[in-house]
Amino acid sequence: MTKSPTPKLKLERDGHVAIITIDNPAANTWDGDSLPGLKTIVDGLNKDKDIYALVVTGEGEKFFSAGADLKMFADGDKDNARKMADAFGEAFEALADFRGVAIAAVNGYAMGGGLEFALACDIRIVEEQAQMALPEARVGLLPCAGGTQRLSWLVGEAWAAKMILCNERINAATAEKIGLAQEVVPKGESLKRAVELAHQVAKQSPSSVAACKKLIRGARERAMNPQLPLERELFVDLFDTQDQVEGVQAFLDKREPEWKNA
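Residues numbered from 1 in each chain as written. Predicted model: local features only at pLDDT ≥ 70, side-chain atom pairs only at ≥ 80, totals over all residues. Heavy atoms only, no water.

Engineer: Describe the packing of helix 1 (residues 34–47) against helix 2 (residues 78–96), and please don't skip the residues or the numbers.
Structural biologist: One way to put it is that helix 1 packs onto helix 2 with a least axis distance of 8 Å and a crossing angle of 25 degrees. What the angle tells us is that helix 1 and helix 2 run roughly parallel. The chirality of how helix 1 crosses helix 2 is left-handed. Residues L35, L38, K39 and V42 of helix 1 lie in contact with helix 2, whose contacting residues are M84, A87, F88, E90, A91, F92, A94 and L95. Within the contact of helix 1 with helix 2, the residues separate by chemical class into 10 nonpolar, no polar and 2 charged. (Axes fitted to C-alpha atoms, helices over the stretch in contact; angles between N-to-C directions. Helix = DSSP H or I, 4+ residues; strand = E, 2+ residues; numbered from the N terminus. Parallel < 35°, antiparallel > 145°, perpendicular 65-115°, else oblique. Left-handed = near helix turned anticlockwise from the far one by under 90°. Contact = heavy atoms within 4.5 Å. Nonpolar A, V, L, I, M, F, W, Y, C, P; charged D, E, K, R; others polar.)

Structure, rendered in structure tokens:
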């Protein structure tokens, strides 16, 4: 497995699951070091066919991530702002495009770019004490790493407007109610639960998961009718894989499949 290019991102492996922990005290903020580091890590994981799922979390008990280090924007330099916006976009889009399943273990405050980090994942497990917000407009900015788009898709335009335009901070219970969180767990339990889910993913055919993820994301980006033929096409394409043969045979043999990811 690839190594982390920065000490601000810890990279561990648990079987077929990779775990990325942002560790940039005191609030796990993102900067010009950690953002390209995240992209490098995800690019490496995409090439590692033995990794089926990815869990991301924050170091410590208080912050998942507080987002961008605002000191980077204090001078009002537009060229620097464009550079950092591009870095955020490239990093979080790489995470969103990870070929496997990405699960966020939200273990505390997820603010601004920190929430966008979680939004780039497929699933969010949120601890009961966590708080989430996109407060960029409060400081004359806006969410530039997918927040306006991904949040609107997940929770609907009205809730996205309430959070972004009114700087509405929400708790874990509200996040689950509106569909931002897929599960709420007690304090300190998000990583454990996220890894459990990731191991469930690892029992699935990697080629099937990749095809399903493509279709699920396509439902956001395209009308349903063109997607339906693609759904059938990708189903048939799976019959070119060893995973399909192994999956069916393992079921018939009443044993666990041994995925080849090919």
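Engineer: Got a sec to walk through the side chain of D243? Specific residues and values, please.
Structural biologist: Within the secondary structure, D243 is located in helix 10 (residues 242–253). Judged by its relative accessible area of 2%, D243 falls in the buried class. Here the side chain of D243 touches S205 through a polar contact of 3.1 Å, side chain to side chain. Side-chain polar atoms of D243 contact the side chain of S207, separated by 3.1 Å. (Buried < 20%, exposed > 50% of the residue type's maximum accessible area, 1.4 Å probe, protein only. Polar contact = N/O pair within 3.5 Å; in protein donor to acceptor, adjacent residues only side chain to side chain.)

Engineer: Please give an account of the nonpolar core that cites residues and values.
Structural biologist: If you look at the biggest cluster of nonpolar residues, it comprises 51 residues, and the most contacted ones within it are F92 and L180. The element best represented in this core is helix 2, accounting for 8 residues. Each residue touching L180, except ones within four places of it in the same chain, is listed here: L115, L119, R124, M132, L151, L154, V155, I170 and A175. I19, I103, A105 and L197 belong to the second-largest nonpolar core, a separate cluster that totals 15 residues. (Core = buried A, V, L, I, M, F, W, Y, C linked by side-chain atoms within 4.5 Å.)

Engineer: Break down helix 1 for me, citing the residues and quoting the values.
Structural biologist: If you check helix 1, its first and last C-alpha atoms are 20 Å apart, about what 14 residues at 1.5 Å a residue would give, namely 20 Å. What helix 1 keeps buried is the set S34, L35, G37, L38, I41, V42, G44 and L45. Those residues of helix 1 that are buried are in contact with strand 1 (9–14), strand 2 (17–22), strand 3 (29–30), strand 4 (53–58), helix 2 and helix 3 (113–119). (Expected span 1.5 Å × (residues − 1).)

Engineer: Any chance you could break down the sheet that holds strand 5 (residues 63–65) for me, citing the residues and the numbers?
Structural biologist: Taken in spatial order, the 4 strands make up an open sheet running 5-8-10-11, and their pairing is mixed. Every other strand in the sheet has two partners, leaving strand 5 and strand 11 (170–171) as the edge strands with one partner each. Note that strand 10 (residues 131–133) and strand 11 share 2 bridges and pair antiparallel. Bridge pairing links M132 to I170 in strand 11. (Pairing = 2+ DSSP bridges.)

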